[in-house]
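Summary of structural features
The lines below spell out each chain.
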Amino acid sequence: MILASPLLALIAVMVRRRLGAPVFFYQQRPGLGGRPFRIVKLRTMTDATDANGALLPDEDRLTPFGAFLRRTSLDELPELLNVVRGDMSLVGPRPLLMQYLPLYTPEQMRRHDARPGITGWAQIHGRNAISWEEKFALDVWYADHLSLWLDLKIIALTVWKVLRREGISQPGYATADYFRGSFQETAQG
């Protein structure tokens with residue numbers, strides 16, 4: 001956190017100049033065991049609304065500067081505070097939205113058996129370019145195979161992918177579609 005603080009301060013000033021206040025984005029997310037915590041990130045979107053006062057879709061509010069912060073994962077630097085507080089880990093399933101909790105299958109809910117992380121197994125295997133079902137399967141796999149060596153591998157691969165901009169600079173993948181639940185076929189007969 002101390003090493004990242006000069007970079008975080010510089011980016012925070014740039015966010016303030018380009019997007020205004022507030023600089024940080026706070027949101028309640030499910031953590032270990034599904035318990036809520038307050039995540040902190042750098043703001044990447046405007047608060048633009050339509051004529052009725054409803055927020056515009058994410059892709060319309062995401063600024064070019066915000067897209068750059070997301071591509072480089074610099075918007076996630078403040079999550080180091082969540083790591084210091086114990087709400088998150090450096091590696092683990094990404095903390096998603098609270099409203100997704102009732103939509104998970106029991107198997108998908110197992111992703112909360114691991115502390116959420118800044119990066120994770122699903123992030124190095126496609127991030128927003130893979131389906132929700134693939135993400136959840138990767139998250140559950142990670143929760144079942146927790147180890148220091150796996151975490152070190154994920155951190156190394158994350159750095160490699162961010163530097164190479166793999167899987168994160170593709171058009172249309174700056175934000176993920178909302179999860180609406182998994183559709184499972186039931187056996188008839």
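To start, this report covers the structure provided alongside it. These numbers were taken from a predicted model, which means no experiment stands behind them. (Residues numbered from 1 in each chain as written. Predicted model: local features only at pLDDT ≥ 70, side-chain atom pairs only at ≥ 80, totals over all residues. Heavy atoms only, no water.)

Some words on helix α1 (residues 5-19)
Over its 15 residues, α1 extends 20 Å from the first C-alpha to the last, a length consistent with the 21 Å expected when each residue adds 1.5 Å. For α1, the complete set of buried residues consists of L8, I11, A12, V15 and L19. Taken end-on, α1 shows its buried residues confined to a sector of 110°, consistent with a single buried face. The outward face of α1, more than 90 degrees from its buried face, is lined by the exposed residues P6 and R17. On the buried face of α1, the contacting elements are β2 (36-42) and α3 (64-71). Just beyond α1, the residue with positive phi is G20, at close to 80°. (Helix = DSSP H or I, 4+ residues; strand = E, 2+ residues; numbered from the N terminus. Expected span 1.5 Å × (residues − 1). Buried < 20%, exposed > 50% of the residue type's maximum accessible area, 1.4 Å probe, protein only. Arc of directions from axis to C-beta. Contact = heavy atoms within 4.5 Å.)

Structural notes on the nonpolar core
In terms of nonpolar packing, the biggest core is built from 17 residues, with I11, V15, L42, L69 and L77 touching the most fellow members. Listing elements by their share of this core, those giving two or more residues are α1, β2 and α3. Ranked by residues supplied to this core, first place goes to α1 with five residues. If near-sequence neighbours (up to four positions away) are discounted, I11 is found in contact with L42, L69, L74 and L77. (Core = buried A, V, L, I, M, F, W, Y, C linked by side-chain atoms within 4.5 Å.)

Regarding helix α7 (residues 148-164)
With 17 residues, α7 ought to run about 24 Å at 1.5 Å a step, and its terminal C-alpha atoms sit 24 Å apart, in line with that. Looking at α7, one finds that the buried residues are L150, D151, I154 and T158. An end-on view of α7 places all buried positions within 95° of arc, on one side of the element. Within α7, the exposed residues directed more than 90 degrees away from the buried face are L148, W149 and L163. In this structure, the buried side of α7 is in contact with β3 (89-91), β4 (117-119) and α6 (132-144).

Brief notes about the side chain of D139
Inspection of the secondary structure puts D139 in helix α6. Those residues within four positions of D139 in sequence are excluded, and the remaining contacts are P93, R111 and A122.

Observations regarding the pairing of strand β1 (residues 24-30)
If a strand is regular, its side chains alternate between the two faces of the sheet. Pairing of β1 with β2, which is carried by seven bridges, proceeds in the antiparallel orientation. Across the sheet, the residue bridging to Y26 is V40, located in β2. Between the antiparallel neighbours β1 and β2 lie five residues, among them G33 with a positive phi of about 70°. (Pairing = 2+ DSSP bridges.)

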